[in-house]
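Chain residues, written in single-letter form:
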Amino acid sequence: MSESSKPILYSYFRSSCSWRVRIALALKGIDYETVPINLTKDGGQQFSAEFQTLNPMKQVPALKIDGITIGQSLAIIEYLEETRPAPPRLLPQDPKKRASVRMISDLIAGGIQPLQNLSVLKQVGTENQLPWAQKAISFGFNALEQILQNTAGNFCVGDEVSMADLCLVPQVANAERFKVDLGPFPTISRINKTLLALEAFQVSHPCRQPDTPAELRA
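Residues numbered from 1 in each chain as written. Predicted model: local features only at pLDDT ≥ 70, side-chain atom pairs only at ≥ 80, totals over all residues. Heavy atoms only, no water.

## Remarks on the domain arrangement of the protein chain
Stage number 1. Under the domain assignment used here, the protein chain contains domain 1 (7-86) and domain 2 (95-201).
Stage number 2. Between the C-alpha centres of domain 1 and domain 2 the distance comes to 20 Å.
Stage number 3. Between domain 1 and domain 2, the contact holds 14 residues from the first and 18 residues from the second.
Stage number 4. Between domain 1 and domain 2 lies a buried interface of about 1,500 Å² when both sides are counted; carbon and sulfur atoms form 71% of it.
Stage number 5. The closest approach of N and O atoms between Glu78 and Arg102, which form a salt bridge, is 3.0 Å.
Stage number 6. Taken together, domain 1 and domain 2 are joined by two residue pairs in polar contact (both at pLDDT 80 or more).
Stage number 7. Residue assignment for the side of domain 1 that touches domain 2 shows that the elements contributing at least two residues are helix H1 (16-27) and helix H3 (73-83).
Stage number 8. Broken down by element, the side of domain 1 that touches domain 2 gets its largest block of residues, eight residues, from H1.
Stage number 9. Considered class by class, the residues forming the side of domain 1 that touches domain 2 number nine nonpolar, two polar and three charged. (Domains from an automatic or database assignment. Contact = heavy atoms within 4.5 Å. Buried area = accessible area lost by both parts, 1.4 Å probe. Salt bridge = Lys/Arg side-chain N within 4 Å of Asp/Glu carboxyl O. Polar contact = N/O pair within 3.5 Å; in protein donor to acceptor, adjacent residues only side chain to side chain. Helix = DSSP H or I, 4+ residues; strand = E, 2+ residues; numbered from the N terminus. Nonpolar A, V, L, I, M, F, W, Y, C, P; charged D, E, K, R; others polar.)

Dropping the structure here:
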């Protein structure tokens, strides 16, 4: 791929990790092409030999940009911020706020989402999937709610959208899909509602992707 080519995002509409990156691309105003990777069709298209050459972890997202291919959503977001630092900034310039953004992002991306993703749920058995996911998300949200009470303004860290917010909204969507009671998490719920009103979060929403099934489109 030449460095002048349009970026290519390998994505699945419902993937929360892919959604984080779609939000970042929308906020940065980056035009890109989507190549859908269906995680459930044909035994999971992420396991194809072709996709494994792009991401040996066999996960979405993967982003081809500037002549390289990047896997892992937070690495992609940080690359976009570092190479395209024009506002909106996804990482604050203040080092203390930047640390808070990374802490919250890692808490969600490393401490909650992996415990309830498709590959783990397959291992716990069909009858255990819902209670397992609910427990994992609720445990993480208990910690996150406490942290946000100290860091939040309008958004996760102060009054500017950051990488932490890009992680929050998809994880709340996962919580809703697994029927987690969000009543004990008013700060999380408030921030999520505010973010969902923003255009970048709407255009990147799973219900508006090229591979969204007709019955789930909005």
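## Re the UniProt feature "domain: GST N-terminal" (unreviewed entry) in the protein chain
Stage number 1. Feature annotation in UniProt places "domain: GST N-terminal" (unreviewed entry) on residues 5-88, given in this structure's numbering.
Stage number 2. Each end of residues 5-88 is marked by a C-alpha atom, and these two atoms are 23 Å apart; helix forms 35% of the span and strand 19%. (UniProt positions renumbered as here; feature names shortened; annotations may be inferred.)

## A look at the packing of aromatic side chains
Aromatic rings in a pair are described by how distant their centres are and how their planes are angled relative to each other.
Stage number 1. Counted under the stated rule, the structure contains three aromatic pairs.
Stage number 2. For the pair Tyr12 and Phe13, a centre-to-centre distance of 4.9 Å together with 65 degrees between the ring planes defines the contact as edge-to-face.
Stage number 3. Their ring planes at 80 degrees and their centres at 5.6 Å tell us that Phe141 and Phe185 sit as a pair that is edge-to-face. Of this pair, Phe141 sits in helix H6 (residues 129-151) while Phe185 is found in the loop between helix H7 (163-177) and helix H8 (186-196), placing the two residues 44 residues apart along the sequence. For the pair formed by Phe141 and Phe185, the shared burial category is buried.
Stage number 4. The aromatic ring of Phe178 is capped on one face by Arg177, whose charged end is 5.1 Å from the ring centroid. (Phe/Tyr/Trp six-rings, centres within 6.5 Å; stacked < 30°, edge-to-face > 60°. Buried < 20%, exposed > 50% of the residue type's maximum accessible area, 1.4 Å probe, protein only. Lys NZ or Arg CZ within 6 Å of the ring centre and 35° of its normal.)

## What to know about the sheet that holds strand E2 (residues 33-36)
Stage number 1. With respect to topology, four strands assemble into an open sheet ordered E2-E1-E3-E4, the strand pairing being mixed. Edge strands, defined here as strands with exactly one partner in the open sheet, are E2 and strand E4 (68-71). Across the sheet, the mean angle from the axis of one strand to that of its neighbour is 20 degrees, orientation sign disregarded.
Stage number 2. Of the pairings in the sheet, the one linking strand E1 (residues 8-11) to E2 comprises four bridges and is parallel in character. Bridge pairing in E2 links Leu9 to Thr34.
Stage number 3. H3 rests against strand E3 (62-65) and E4 of the sheet, and its axis sits at about 130 degrees to E4. (Pairing = 2+ DSSP bridges. Axes fitted to C-alpha atoms, helices over the stretch in contact; angles between N-to-C directions.)

## Re the UniProt feature "domain: GST C-terminal" (unreviewed entry) in the protein chain
Stage number 1. In this numbering, the UniProt entry assigns the feature "domain: GST C-terminal" (unreviewed entry) to residues 94-214.
Stage number 2. Helix makes up 64% of residues 94-214 and strand 0%. Its end C-alpha atoms lie 44 Å apart.

## Quick look at the side chain of Gln171
Stage number 1. Relative to the elements of secondary structure, Gln171 occurs in helix H7.
Stage number 2. Engagement of the side chain of Gln171 in a polar contact is seen with the side chain of Gln116, the distance being 3.0 Å.
Stage number 3. When near neighbours in sequence (up to four residues on either side) are disregarded, Gln171 contacts Ile108, Ile112, Gln113, Gln116, Ile137 and Phe141.

## Overview of H3
Stage number 1. Most of H3 sits inside the fold, with eight of its eleven residues counted as buried.
Stage number 2. Turning to H3, its buried residues number three or more, namely Ser73, Leu74, Ile76, Ile77, Glu78, Tyr79, Leu80 and Glu81.

## Quick notes on the pattern of salt bridges
Stage number 1. Under the counting rule described, the total for this entry stands at five salt bridges.
Stage number 2. Here Lys6 ties to Asp31 by a salt bridge, and the two come within 3.3 Å at their closest N and O atoms. Of this pair, Lys6 sits in the segment before E1 while Asp31 sits in the loop between H1 and E2; the two residues are 25 residues apart in sequence, bridging distant segments of the chain.
Stage number 3. Owing to a relative accessible area of 44%, Lys6 belongs among the partly exposed residues under this scheme.
Stage number 4. Overall, Asp31 belongs to the exposed group, its relative accessible area being 53%.

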